[in-house]
Amino acid sequence: MEWLTGPFEATFVQRALWGGMLVSAICALAGTWVVLRGMAFLGDAMSHGLLPGVALAALLGGNLLVGAVVSAAVMTAGVTALGRAPRLSQDTGIGLLFVGMLSLGVIIVSRSQSFAVDLTGFLFGDVLAVREQDLALLGLALLLALAVSVLGHRAFLALAFDPRKARTLGLRPRLAHCVLLGLLALAIVASFHIVGTLLVLGLLIAPPAAALPWARSVRGVMVLAALLGMTATFCGLLLSWHLSTAAGATVSALAVSLFFLSHLASGLRHRRAGRTAAPARTTG
């Protein structure tokens with residue numbers, strides 16, 4: 001029992017656990033729509049697009065979170081504007097923004113001889129360095145993400161399954177898409193300093209994708225995704241403590257592992273259901 005509870009007696013591990021759970025809930029709300037709409041590449045591009053703002057804020061001695069918010073706003077506006085270009089596919093526009101923002105961030109970093117920006121921390125995060133004020137910000141971000149998800153649920157749902165119907169119902173799909181991009185940006189900005197930009201997709205995509213075969217509604221996917229993300233957080237922190245591995249990467253790796261286990265179990269369930277259904281059809 002000491003092996004299970006011992007690591008969480010440390011205050012910084014307790015804060016890491018709470019931070020990871022809050023991030024899991026935020027990512028579940030945004031990540032569900034990312035998975036349903038096939039927007040994984042957009043999520044990856046937006047997470048890496050934070051680098052210029054974070055790098056510039058660090059070099060000027062400013063707040064990294066403010067720099068991340070500015071970069072996220074630029075990425076959101078850019079994706080929205082390029083998405084309206086008639087002769088440019090959305091993937092092409094996202095790819096160009098991705099490379100452009102990442103290149104700009106590297107240029108800003110390279111201009112500093114002291115390399116003041118900790119790229120390792122930016123890319124991989126530091127879940128064990130979560131402070132009490134970080135938990136307060138994550139709590140506010142969760143409340144905002146929950147409000148946006150509740151108020152925009154109908155529009156997001158129509159946008160995910162039938163954009164034309166969303167337009168005929170007067171749900172303003174373009175506005176809904178912009179708000180959804182804002183929700184995605186909120187999740188990434190809130191999460192990047194916990195698990196880093198390279199690993200944020202682990203909590204953003206893996207838990208909702210793992211929940212998809214088992215849930216019967218979008219809300220069910222969100223709830224199950226949050227539970228899976230929290231499970232990955234708890235087990236990841238536990239394993240990283242005992243195995244002396246990087247905490248954020250361990251959490252992300254477990255989230256991805258849960259996805260593969262979920263789809264493996266789902267495939268076995270469908271095979272078993274098919275075998276039991278076959279004799280019933282032949283005897284009838």
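Here the structure is shown first, and the text comes after it.
*Asks:* Would you mind going over the overall build of the chain with me for this structure?
*Replies:* Tallying secondary structure elements over the chain gives 14 helices and zero strands in all. Relative to the 2.2 N^0.38 estimate, which gives 19 Å for 284 residues, the radius of gyration of the chain is 20 Å and therefore close to what a compact globule would have. Counting only C-alpha atoms, the chain reaches 80 × 60 × 30 Å along its principal axes. Buried residues in the chain amount to 45% of all 284 residues. Long-range pairs, those at least 24 residues apart, make up 75% of the contacts in the chain between residues at least 6 apart in sequence. Total accessible area computed for the chain in this model is approximately 14600 Å², and 66% of it derives from carbon and sulfur atoms. With 19 positive and 9 negative side-chain charges, the chain shows a separation of 22 Å between the mean positions of the two kinds.

*Asks:* Which parts of the structure should I look at to understand empty space enclosed by the protein?
*Replies:* Any empty space left between the atoms is revealed when a probe the size of a water molecule rolls over them. As enumerated under the stated definition, the model contains one cavity of 30 Å³ or more in all. Of the volumes computed, that of the largest cavity is approximately 30 Å³. Val79, Leu82, Gly83, Ser89, Gln90, Gly93 and Ile94 are the residues that line the largest cavity. For the lining of the largest cavity, the elements supplying multiple residues, two or more each, are helix H5 (64–83) and helix H6 (90–110).

*Asks:* I would appreciate a short explanation of the packing of aromatic side chains in the present structure.
*Replies:* A ring pair, where both rings are aromatic, is described by two values, the distance of the centres and the angle of the planes. Taken as a whole and judged by the stated rule, the model has five aromatic pairs. Ring centres of Trp33 and Phe156 lie 5.6 Å apart, and the angle between their planes is 65°; on these two criteria the pair is classed as edge-to-face. Taken together, the positions of Trp33 in helix H2 (residues 11–36) and Phe156 in helix H9 (residues 153–161) put the pair 123 residues apart, joining distant regions of the chain. The class for Phe156 is buried, based on a relative accessible area of 2%. With a centroid separation of 6.3 Å and 75° between ring planes, the pair formed by Phe41 and Phe98 is classed as edge-to-face. Taken together, the residues Phe41 in helix H3 (residues 40–48) and Phe98 in helix H6 connect sequence positions 57 residues apart.

*Asks:* How do you make sense of the packing of helix H11 (residues 173–195) against helix H12 (residues 200–211) when you look at a structure like this?
*Replies:* The angle between the axes and the distance between the axes are what describe a pair of packed helices. Contact pair H11 / H12: the axes reach a minimum separation of 8 Å and the direction vectors enclose 130°. In terms of orientation, H11 and H12 fall into the oblique class. Touching Leu184, Ala187, Ile188, Ser191 and Val195 of H11 are Val200, Leu203 and Leu204, all from H12. Along the lines of polarity and charge, the residues of the contact of H11 with H12 split into seven nonpolar, one polar and no charged.

*Asks:* Sorry, what's going on with unusual backbone geometry here?
*Replies:* Residues other than glycine predominantly adopt negative phi, and peptide bonds predominantly adopt the trans conformation. One non-glycine residue, Ser244, adopts positive backbone phi at about 55°. Tracing the backbone shows Ser244 in the loop between helix H13 (218–243) and helix H14 (247–283). When its relative accessible area of 65% is taken as the criterion, Ser244 is described as exposed.

*Asks:* For this particular structure, what's the right way to read the layout of surface pockets?
*Replies:* Taken as a whole, the second largest pocket holds about 290 Å³ of empty space. Counting residues per element, the ones that place at least two in the lining of the second largest pocket are H5, helix H10 (163–168) and H11. Classifying every residue of the lining of the second largest pocket gives seven nonpolar, five polar and four charged.

*Asks:* Looking at this structure, I do not really get the nonpolar core. What am I missing?
*Replies:* Among soluble globular proteins, nonpolar side chains are generally buried collectively. Judged by nonpolar contacts, the single largest core of 67 residues is most densely connected at Trp33, Leu42, Leu50, Leu184 and Leu204. Among the elements that take part in this core, H11 stands out by supplying 13 residues, more than any other.

*Asks:* I would appreciate a short explanation of a nonpolar patch on the surface in the present structure.
*Replies:* Side chains of Met1, Trp3 and Leu4 sit close together on the surface and give an oily, nonpolar patch of about 370 Å² of accessible area. As for its placement among the helices and strands, Leu4 is situated in helix H1 (residues 2–5). Of the residues examined, Leu4 reaches a relative accessible area of 33% and is grouped as partly exposed.

*Asks:* Explanation requested: the environment of Arg37 in the structure shown.
*Replies:* When you line up the elements, Arg37 lands in the loop between H2 and H3. Judged by its relative accessible area of 27%, Arg37 is partly exposed. Here the alpha-carbon distance between Arg37 and Ala160, two residues 123 residues apart in the chain, equals 5.5 Å. At 3.0 Å, the side chain of Arg37 and the side chain of His177 are in polar contact.

*Asks:* Would you mind going over the pattern of salt bridges with me for this structure?
*Replies:* Close approach of charged atoms allows side chains of opposite charge to pair. Under the defined criterion, the tally for this structure stands at one salt bridge. Two residues, Asp134 and Arg131, come together in a salt bridge whose shortest N-O distance is 3.2 Å.

Conventions adopted
Residues numbered from 1 in each chain as written. Predicted model: local features only at pLDDT ≥ 70, side-chain atom pairs only at ≥ 80, totals over all residues. Heavy atoms only, no water. Helix = DSSP H or I, 4+ residues; strand = E, 2+ residues; numbered from the N terminus. Rg over C-alpha atoms; globule rule 2.2 N^0.38 Å. Buried < 20%, exposed > 50% of the residue type's maximum accessible area, 1.4 Å probe, protein only. Contact = heavy atoms within 4.5 Å. Areas by Shrake-Rupley, 256 points an atom, 1.4 Å probe, with all protein chains shown as cover. Lys, Arg positive; Asp, Glu negative; His and termini not counted. Charge placed at Lys NZ, Arg CZ, Asp CG, Glu CD. 1 Å grid on protein atoms, 1.4 Å probe; cavity = no way out; pocket = protein on both sides within 12 Å on 5 of 7 lines; lining within 4 Å. Points joined across faces, edges and corners; volume = space filled by probe spheres on them. Phe/Tyr/Trp six-rings, centres within 6.5 Å; stacked < 30°, edge-to-face > 60°. Axes fitted to C-alpha atoms, helices over the stretch in contact; angles between N-to-C directions. Parallel < 35°, antiparallel > 145°, perpendicular 65-115°, else oblique. Nonpolar A, V, L, I, M, F, W, Y, C, P; charged D, E, K, R; others polar. Core = buried A, V, L, I, M, F, W, Y, C linked by side-chain atoms within 4.5 Å. Patch = residues over 30% accessible without salt bridge, like charges linked within 9 Å, V, L, I, M, F, W, Y side chains within 5 Å. Salt bridge = Lys/Arg side-chain N within 4 Å of Asp/Glu carboxyl O. Polar contact = N/O pair within 3.5 Å; in protein donor to acceptor, adjacent residues only side chain to side chain.

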